[in-house]
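# Descriptive structure summary
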Protein chains: 4
Amino acid sequence: MKHENHREDVAGRANVEDTPELLAYYDDLNRFSAGALWTVANKIEPWEPQSQSVPVVWRYADLRDKVLRSVDLVTPEKAGRRVIYLRNPGRADVAAAVGWLYAGLQVMHPGEVASAHRHSASAIRFIMEGAGAYTVVDGHKMTLGANDFVLTPNGTWHEHGVAAEGSPCIWQDGLDIPFVNAMEANFYEVHPDLSQAVGYAVDDMTKTWGNPGLTPYGETWTKRYSPMFKYEWAPTYEALLKRAQCTDGSPFDGVMMEYVNPVTNGPVMQTMGASMQMLRPGEHTKAHRHTGSYLYHVAKGRGHSIINGKRFDWQERDIFCVPSWAWHEHVNASASDDACLFCLSDIPVMRALGLYREQAFGENGGHQPIL
Amino acid sequence: MKHENHREDVAGRANVEDTPELLAYYDDLNRFSAGALWTVANKIEPWEPQSQSVPVVWRYADLRDKVLRSVDLVTPEKAGRRVIYLRNPGRADVAAAVGWLYAGLQVMHPGEVASAHRHSASAIRFIMEGAGAYTVVDGHKMTLGANDFVLTPNGTWHEHGVAAEGSPCIWQDGLDIPFVNAMEANFYEVHPDLSQAVGYAVDDMTKTWGNPGLTPYGETWTKRYSPMFKYEWAPTYEALLKRAQCTDGSPFDGVMMEYVNPVTNGPVMQTMGASMQMLRPGEHTKAHRHTGSYLYHVAKGRGHSIINGKRFDWQERDIFCVPSWAWHEHVNASASDDACLFCLSDIPVMRALGLYREQAFGENGGHQPIL
Amino acid sequence: MKHENHREDVAGRANVEDTPELLAYYDDLNRFSAGALWTVANKIEPWEPQSQSVPVVWRYADLRDKVLRSVDLVTPEKAGRRVIYLRNPGRADVAAAVGWLYAGLQVMHPGEVASAHRHSASAIRFIMEGAGAYTVVDGHKMTLGANDFVLTPNGTWHEHGVAAEGSPCIWQDGLDIPFVNAMEANFYEVHPDLSQAVGYAVDDMTKTWGNPGLTPYGETWTKRYSPMFKYEWAPTYEALLKRAQCTDGSPFDGVMMEYVNPVTNGPVMQTMGASMQMLRPGEHTKAHRHTGSYLYHVAKGRGHSIINGKRFDWQERDIFCVPSWAWHEHVNASASDDACLFCLSDIPVMRALGLYREQAFGENGGHQPIL
Amino acid sequence: MKHENHREDVAGRANVEDTPELLAYYDDLNRFSAGALWTVANKIEPWEPQSQSVPVVWRYADLRDKVLRSVDLVTPEKAGRRVIYLRNPGRADVAAAVGWLYAGLQVMHPGEVASAHRHSASAIRFIMEGAGAYTVVDGHKMTLGANDFVLTPNGTWHEHGVAAEGSPCIWQDGLDIPFVNAMEANFYEVHPDLSQAVGYAVDDMTKTWGNPGLTPYGETWTKRYSPMFKYEWAPTYEALLKRAQCTDGSPFDGVMMEYVNPVTNGPVMQTMGASMQMLRPGEHTKAHRHTGSYLYHVAKGRGHSIINGKRFDWQERDIFCVPSWAWHEHVNASASDDACLFCLSDIPVMRALGLYREQAFGENGGHQPIL
């Protein structure tokens, strides 16, 4: 039997050479479902993270036609969901766009409805185009417009549709399916009626919980995700403009607001968080890196990002990823207009478990040399 | 020496008659700074609270002229603050409007500035009339308009003024001075320069922290009061209108939103909280009572409240109080317009200490007979 | 009508002299339940707290006989509780021992039982002498020995007794009755059966929740007071001895442990907290002062405390108080034995409301000159 | 190119047959790092978790000799750590004993010291045999005895040794290395001096923080792991005995205590938790299953567990695992002595992220049929 042996000639690291006696010993251990730590210690205790994901930009100019074509190819009934998913070359085995995050582009035509279901994985939607889309989450119906951000938390019944008088709608789905699978904790259930009754005023959760510095008196919310299921674009963009009047912004991220659960000021869900950031006209941020996996969606404008020394150009509706511990910096290509990046990440996981760490790029004025 | 003796002929209550032997014993105890519990037990353990405060309505029609006249009578320099305070007949000894809450009407003329100070007592302002008022809290300057709600938390430097081009301004002050005095924890300090430097963009705290479901990325706020120092009227009223689309409201309070610290969704300060409630056209709420002291300010409309069986009429800018455990219900006098009540209370104290309790009026369809 | 006027000739303080015009104005305000703030501002905004309580030591040598004599004078049935309470000369109006804290010495003879009741006030017991005492709190029976510390939180049914085979028992009661009355939130109820059924193993709450670094799996406790109703003396003293091996202690308090709710590591109840501190042989602490009211019970040893410059000697079972913002330091009179002070306080209130403040005595090596 | 296609003939599930047109479409998507969700949806959204781990029992009788033999084969200097790790046949790729948990048996001889290091992975030790072992964590030295449970949290410097006068020592290591690697967040650092200075009294953290219902006054601890680095066996076993007097125990787990951070009553670390449970003489628990991965260590006694219908016998010092969502029940083989199981798990991760779920085995009186 062949054994691994990862040696390093550094004090405090494993550095044991194979001998016939040791190899026999390893064989012996193997028979009892055991091994010698020193043969793998350096592999499983790396000096710093090496992500399996690679940086990718998914251009909407490439994908939009393909997404629309799926309407002709499959029905929502047969497909369950009519979605083209983003497959990171380093994470094809788990169907992830980056790290443990799944993402896809879903399309629905006017009058179409997808059946209701629920699962332990959590989901978000970020609306890209079209009129008349809606989603129903645990009986709460929400209307959806471009750049709206919508939650479908772990365990909630949900279904989507487009009103008969609407137009073809496309949105980005984001889920933690790969992560929940890795944690061996995913459950799936189809709604017994395949659809939900709507039991509340349309958009009630946003109207009730989405008021600045005000909470509905006497209401309690103890679930561990945000009761504000939909975050609309207009107040989000307005918040960025107001905040920009009061701050120089982050050297790494410009003017950035985090979507939060208004009950806790913490992340919108336990496993995924989201933010919207504004790069002001001509802004070129400095480089930094942090643990966690990040999926950006260009909500407005155009520019480029430099990720681990490589340039990735983007424009509105493009999606790109930054893997864990990858250096990255962003550039707004316009000298007159701002650019806005929506970002979905697993930063709530990293923070909840004490695994978040970040580092500024110290050399070269904070900018990576382009490879 | 004369001794109290509060007897009740109820099982489990003290019921010991005075005898010469006992009276001598009480004298003896008294010499050692001691007493017999059974003589006072029934007094200090009442069956339910009996407030020392009485219900009062302070009509703006009565007070406005008097407040304005103070401008001619005293300067801010000599008065420290030019304020007419509301004195509950049952609480004159502690200068309280109700319970342990102080309230006053402050007036300033264009170009006037009051000196900066700080204290352990917390304060709020609720703006009544005039243009050009501003307040500075720990270096953050805020512009003030009618029905805006502003915080001056425990320990923050603060000062007020009216711009030279403004008009005479009147606002309500609300403080927990009587409570902090009772707790023997009040400290007072005059600012060494008598005024503060403004170190931030005007209204920055509201622009930064007052966005629905959005928090400024990377900012931390660990102080135990809200960083959103000013809550403006327009979004507050809009929140009530939106919420009214989604709820039948509380039977006791109509449509009510609580002002909160956006970082905790809890009260804006540790010792005082505030809410704004809308009585819809023609609404007549049911009666209930709860512990805590409540000071209402009529932000909009007219109507009346029935407090412990007595009717109190009110209109815009009037102020009235509801003492602890007093039955109360509210009536909007208009069949076409809503009425809005701002309410300042010590409910955060009651909740933080486990002393909050409430009860619905069970008889007569939930309405008090008028005495 | 006579009006107060508290003037100070300090910038930022009120300093308005009475004039006939102003006095007439004050009369006018008075008719509308209002007053001029500047007449009372300096009174209600003091530079620092001035406690109404005075330091007192209650010597057990003085009180023990009187307490025992009450057995002959009244029955528990007639007295409700057979208790001699400690009356601070500055707080006789509210029956407090210090600040808003009530304290008393309760005595029961073998075979006696007091009727069950509950109230919004919270209570503690600290056992002084005797064998066979027990208390029942919400159906949990606890046996009581000297220096045990027991809780009867807000709203819990409770009753006490001494087993027929026991001896006369005396313990200190401590309650927040004056505070809860001041907050106008006290409710009182006699148990419908005058006694409770015991529904659990004796001392189950301490056995279940009182284990170091271990919690009962699957149990939840959401009430806002400690589930560990009894804190026994032996492990408390042992904790002090162990801690003394690891720390130099506080310069002001020696080696001190705080009794906590094991579910939160916070105070045992929302309105009162307690601690046990050890003064090592010969220890003389430095002076400091803090807000809040403090009632000490000498659990072991003898010594003295200097409070606001006055010396108060104490020995085992004596009780003494330190008012809010009073300077105090403690001295163990023995060069060979430790002395232990149990302390009951309202520090949880001060902390929960942001009113706690402390200051070291800076001069004279940290020791007060004795007046 | 070959494409996956996981079809299910169930309403709400994907069920699209391959056609030449679709296969060409899939090829096209693949060129743009994309895929059709419906081809993999049923795979990545399973009806319930299917663990990759298999149940295993590692018998100490098998492994002890091999562990001791490693002393002759490698030095701590060359090996870094002299550890035999437990390799689950389903998780050999990530060196895990179960799920994302690593475990190993470490041996040190008297006088040996391992070099100090730190990493983002968290570790525990559970002491198996020998005298004189110690560990140093961030400068705090702890002595180690059999069945003591010790923490080495994320980011703390740590090193181990055995006193020269001791005997050969063996303990179980448990780490979340596979998980932290999967999260791409592992960092590793060798101590610059290869060893730490000890800056505190021996065992100070346990003496300071390990007292029932008592916290060290004035100390604050804000790190997100327990300050009580060592949990000794004697008080743990005593806690089980006391708790057994007050409860019938859990039908699934007997009498169980969870090791907790005394500051939060939550798990000892953010990514791993631990418990100790007692199976009373003759106890046979009922079966249940839950998400999360579990590694049991037999601290006392002998018996067997039935895991997914298969019987696994165990005795003192054996280690066995229960994978996520596997049915399991435990049996104490002795009619006279209790058996104690220490359990290390990732339940804190499951709970922090909302992924914990459990289910009782409903049939057959709660007992699994043995396959």
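Residues numbered from 1 in each chain as written. Chains lettered and ligands numbered in written order. Predicted model: local features only at pLDDT ≥ 70, side-chain atom pairs only at ≥ 80, totals over all residues. Heavy atoms only, no water.

### Some remarks on the sheet that holds strand β9 (residues 149-152) of chain C
To keep it simple, the criterion reads: Any two strands are treated as partners once DSSP identifies two or more bridges connecting them. Runs of H or I in DSSP of at least four residues are treated as helices and runs of E of at least two as strands, each being numbered from the N terminus. Should any heavy atoms of two residues lie within 4.5 Å, those residues are considered in contact. The axes are straight lines fitted to the C-alpha atoms, using for helices just the contacting stretch, and the angles between their N-to-C directions are given from 0 to 180°.
Read from one edge of the open sheet, seven strands run β1(B)-β3(C)-β4(C)-β11(C)-β6(C)-β9(C)-β14(C), paired in antiparallel fashion. Since the sheet does not close on itself, it has two edges, and those belong to β1 (34-36) of chain B together with β14 (230-231) of chain C, each with one partner. Strand direction decides the pairing type here: strand β4 (residues 102-108) of chain C and strand β11 (residues 169-175) of chain C, joined by seven bridges, are antiparallel. When the sheet's bridge partners are listed, Met108 of chain C is paired in β11 of chain C with Cys169 of chain C. Helix-sheet contacts for helix α3 (residues 60-73) of chain C involve β1 of chain B together with β3 (83-86), β4, β6 (123-129) and β11 of chain C, and the interaxial angle to β4 of chain C is about 55 degrees.

### A short note on the sheet that holds strand β14 (residues 230-231) of chain D
Read across the open sheet, the seven strands follow the order β1(A)-β3(D)-β4(D)-β11(D)-β6(D)-β9(D)-β14(D); overall the sheet is antiparallel. Edge positions in the sheet fall to β1 (34-36) of chain A together with β14 of chain D, since each has one partner strand and no second. Sheet strands in contact with helix α3 (residues 60-73) of chain D are β1 of chain A together with β3 (83-86), β4 (102-108), β6 (123-129) and β11 (169-175) of chain D, and its direction is about 55 degrees off that of β4 of chain D.

### A few points about the environment of Pro192 of chain A
Along the chain, the position of Pro192 of chain A falls in the loop between β12 (188-190) and α6 (204-209). Counting along the chain gives 76 residues from Pro192 of chain A to Ala116 of chain A, while the straight-line C-alpha distance between them is 8.6 Å.

### As for the side chain of Ser33 of chain D
As a reminder of what qualifies: Three exposure classes are used, based on accessible area relative to the maximum for each residue type with a 1.4 Å probe and protein chains only: buried under 20%, partly exposed in between, and exposed over 50%.
Structurally, the position occupied by Ser33 of chain D is in the loop between α1 (20-31) and β1 (34-36). Residue classification places Ser33 of chain D among the buried residues on the basis of a relative accessible area of 18%. Once you skip the residues sitting within four places of it in the chain, Ser33 of chain D turns out to touch Val56, Trp58, Tyr85, Leu86, Arg87 and Pro89 of chain A.

### Concerning the interface of chain A and chain D
Basically, it comes down to this: For any pair of parts, buried area is found by adding up, for both, the accessible area (1.4 Å probe) each one loses once the two are put together. For this analysis, a salt bridge means a side-chain nitrogen from Lys or Arg found within 4 Å of a carboxyl oxygen belonging to Asp or Glu. Definition of a polar contact: a pair of N or O atoms within 3.5 Å, with one able to donate and the other able to accept a hydrogen when the atoms are protein atoms, and with sequence-neighbouring residues admitted only if both atoms are side-chain atoms.
Listed as interface residues are 90 residues of chain A and, on the opposing side, 90 residues of chain D. Overall, the association of chain A and chain D removes approximately 7900 Å² of surface from exposure, summing both partners, and the carbon and sulfur fraction of that is 61%. Per-residue buried area on chain A facing chain D is highest for Glu184, Phe187 and Tyr188 of chain A; these three make up 10% of the total on that side. For the pair chain A and chain D, the number of links is four salt bridges. On inspection of chain A and its partner chain D, the count reaches 38 residue pairs in polar contact (both at pLDDT 80 or more). Pairing between strand β3 (residues 83-86) of chain A and β1 of chain D: three bridges, direction antiparallel. The residue bridging Tyr85 of chain A from the neighbouring strand is Gly35 of chain D, located in β1 of chain D.

### Regarding helix α1 (residues 20-31) of chain B
Since the α-helix advances by 3.6 residues per turn, residues separated by three or four positions end up pointing in the same direction. Short version of the rule: Multiplying 1.5 Å by the residue count of a helix minus one yields the expected span of that helix. The arc in question is the one traced by the directions running from the helix axis out to the C-beta atoms.
Here α1 of chain B spans 17 Å end to end across 12 residues, near enough to the 16 Å set by a 1.5 Å rise per residue. Every buried residue belonging to α1 of chain B is among Leu22, Tyr25, Tyr26 and Leu29 of chain B, and all of these are buried. Taken around the axis of α1 of chain B, the buried residues stretch over an arc of 100 degrees, which confines them to a single face. Exposed and oriented more than 90 degrees from the buried face of α1 of chain B are Pro20 and Arg31 of chain B. Buried positions along α1 of chain B lie against β1 and α2 (37-44) of chain B together with α3 and β3 of chain C. At the C-terminal side of α1 of chain B, Ser33 of chain B shows a positive phi close to 55 degrees.

### Re the arrangement of the chains
As for chain C relative to chain A, no contact occurs, and the smallest C-alpha gap between them is 13 Å. Note that chain B does not reach chain D: the shortest distance linking a C-alpha of one to a C-alpha of the other is 13 Å.

### Some words on the interface of chain D and chain C
Convention followed: Here the term charged refers only to Asp, Glu, Lys and Arg, the term nonpolar to Ala, Val, Leu, Ile, Met, Phe, Trp, Tyr, Cys and Pro, and the term polar to all other amino acids, Gly among them.
At the interface, 35 residues of chain D touch 35 residues of chain C. Summing both partners gives a buried area of about 3300 Å² for chain D against chain C, and 59% of it is carried by carbon and sulfur. Contact with chain C buries surface across chain D, with Leu214, Thr215 and Tyr217 of chain D losing the most and accounting together for 22% of the total. There are two salt bridges connecting chain D and chain C. One salt bridge in this structure joins Glu219 of chain D and Arg243 of chain C, with 3.1 Å as the shortest N-O distance. Within the side of chain D that touches chain C, the residues separate by chemical class into 19 nonpolar, nine polar and seven charged. Pairing between strand β13 (residues 214-216) of chain C and strand β15 (residues 255-261) of chain D: three bridges, direction antiparallel. Paired with Pro216 of chain C across the bridge in β15 of chain D is Met257 of chain D.

### Regarding the packing of α1 of chain B against α3 of chain C
Packed helices, taken two at a time, are described by their axes: the angle between them and the distance between them. Just so we agree on the cut-off: These descriptions rest on fixed angle ranges, namely under 35 degrees for roughly parallel, over 145 for roughly antiparallel, 65 to 115 for roughly perpendicular, and the rest for oblique. Two helices crossing with the near one rotated counterclockwise from the far one by less than a right angle form a left-handed crossing, whereas a clockwise rotation gives a right-handed crossing.
Remark: α1 of chain B packs on α3 of chain C, axes separated minimally by 12 Å, with the N-to-C direction vectors making an angle of 165 degrees. Relative to α3 of chain C, α1 of chain B is oriented roughly antiparallel. You can see that α1 of chain B and α3 of chain C cross each other, and the crossing is left-handed. Together, Glu21, Leu22, Tyr25, Asp28 and Leu29 of chain B of α1 of chain B and Lys66, Val67, Arg69, Ser70 and Leu73 of chain C of α3 of chain C make up the contact between the two elements. Here the contact of α1 of chain B with α3 of chain C is built from residues that sort into five nonpolar, one polar and four charged.

### Remarks on the environment of Glu129 of chain A
Residues and elements named next belong to chain A. By secondary structure assignment, the location of Glu129 is in strand β6 (residues 123-129). Residues Glu129 and Asp248, spaced 119 residues apart in sequence, show a C-alpha to C-alpha distance of 32 Å. Dropping the residues within four chain positions of it, Glu129 is found in contact with Tyr60, Arg64, Pro168, Cys169 and Ile170. One polar contact links Glu129 to Arg64, side chain to side chain, over a distance of 2.6 Å.

### Side note on the relation of the copies chain D and chain C
Both copies of the chain are related by one operation, a rotation about an axis with a shift along it. This is how it is decided: Superposing the copies works by least squares over the C-alpha atoms of residues that have pLDDT at least 70 in both of them.
Relative to chain C, chain D is turned by 180 degrees and slid 0.0 Å along the rotation axis, the superposed coordinates differing by an RMSD of 0.0 Å. The transformation relating the two chain copies, once decomposed into turn and shift, fits a two-fold axis. Scanning chain D for the C-alpha nearest the rotation axis identifies Pro212 of chain D, at a separation of 2.2 Å. Of the residues that chain D buries at the interface, 100% are likewise interface residues in chain C, meaning the two copies contact each other through the same surface.

### Focus on the side chain of Asp253 of chain A
Residues and elements named next belong to chain A. Keep this limit in mind: For the purpose of counting charges, residues Lys and Arg are taken to be positive, whereas Asp and Glu are taken to be negative. His and the chain ends are not included.
In this structure, Asp253 sits in the loop between α7 (233-244) and β15 (255-261). Look at Asp253: it is buried, it has no salt bridge, and the nearest opposite charge is Arg351 at 9.0 Å. Ignoring any residue separated from it by four or fewer positions in sequence, one finds Asp253 in contact with Gln277, Met278, Leu279, Thr285, His288 and His330.

### Topic: the UniProt feature "domain: Cupin type-2" (unreviewed entry) in chain A
All names here are of chain A. Keep this limit in mind: UniProt positions are given in the numbering used here, feature names are shortened, and annotations may be inferred rather than shown by experiment.
Within this structure's numbering, the places UniProt gives as "domain: Cupin type-2" (unreviewed entry) are residues 105-171 and 276-343. Its end C-alpha atoms 6 Å apart, residues 105-171 is made of 0% helix and 52% strand. Taken end to end, residues 276-343 is 0% helix and 59% strand, and its first and last C-alpha atoms sit 6 Å apart.

### Regarding the pairing of β4 of chain D
Buried residues dominate β4 of chain D, accounting for seven of its seven residues. What you see with β4 of chain D is no split at all: Tyr102, Gly104, Gln106 and Met108 of chain D on one side and Ala103, Leu105 and Val107 of chain D on the other are buried throughout.

### Quick look at the relation of the copies chain A and chain D
When chain A is brought onto chain D, the operation consists of a screw motion whose angular component is 180 degrees and whose axial shift is 0.0 Å, with 0.0 Å RMSD remaining. Both copies present the same face, since 100% of the interface residues in chain A are matched by interface residues at the equivalent positions in chain D.

### A word on the domain arrangement of chain A
This is how it is decided: Per the annotation, domain bounds derive from an automatic or database assignment of domains.
For chain A, the assigned domains are domain 1 (1-47) and domain 2 (57-366). Taking the mean C-alpha position of each, domain 1 of chain A and domain 2 of chain A sit 43 Å from one another.

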